[in-house]
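Spelled out from the first residue to the last, the chains are:
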Amino acid sequence: DFVTSVQAMVKGTALLPCDLSSPVPNDSVLLVVWYKNEHTPIYSYDTRGPHSKLAKHWQERNLDTRAFFRTMTEPATLSLDSVNEMDEGDYTCRIDYLRSPTKNFRVRLTVI
């Protein structure tokens, strides 16, 4: 399983990549959920139902508004500000599409 490695300095910003591209033409992203260390959802980007025009962003309380998912970059990135040692770990970006099967993208963050 391929894992992308990212490094960030303490108090700096980490950019965790997530490739939103779909293998199916004209497909769309419905939901992106970021997990830390496999099981804990820490962030979501939801475009389902009433959020189809303006995505709903949710983040786990411990992140305290430090995270923001940027979809205008290529690849999309979860930006994590004021990085600390507790942020180090393995992250998974799960992407649910309208037509394609769910895709997972793994990132290992090392804090320096």
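Residues numbered from 1 in each chain as written. Predicted model: local features only at pLDDT ≥ 70, side-chain atom pairs only at ≥ 80, totals over all residues. Heavy atoms only, no water.

Going by an unreviewed UniProt entry, the chain carries the name Ig-like domain-containing protein and comes from Cryptolaemus montrouzieri.

1. Topic: the nonpolar core
Ranked by internal contacts, the top residues of the largest apolar core, which has 27 residues, are Leu16, Val32, Trp34, Phe69 and Leu109. Within the residue set of this core, elements represented by two or more residues are strand 1 (3–8), strand 2 (14–18), strand 3 (29–36), strand 4 (40–46), strand 6 (67–70), strand 7 (76–80), strand 8 (89–97) and strand 9 (103–111). When residues in this core are grouped by element, the largest group, four residues, is from strand 8. (Core = buried A, V, L, I, M, F, W, Y, C linked by side-chain atoms within 4.5 Å. Buried < 20%, exposed > 50% of the residue type's maximum accessible area, 1.4 Å probe, protein only. Helix = DSSP H or I, 4+ residues; strand = E, 2+ residues; numbered from the N terminus.)

2. Points about the sheet that holds strand 1
With mixed pairing, the six strands of this open sheet are ordered in space as 1-9-8-3-4-5. With partners counted over all chains shown, the strands left at the sheet margins are strand 1 and strand 5 (56–59), one partner each. Averaged over all pairs of adjacent strands, the angle between their axes in this sheet comes to 20°, without regard to strand direction. Two elements, strand 8 and strand 9, share seven bridges in a ladder whose sense is antiparallel. Directly across from Arg94, in strand 9, lies its bridge partner Asn104. (Pairing = 2+ DSSP bridges. Axes fitted to C-alpha atoms, helices over the stretch in contact; angles between N-to-C directions.)

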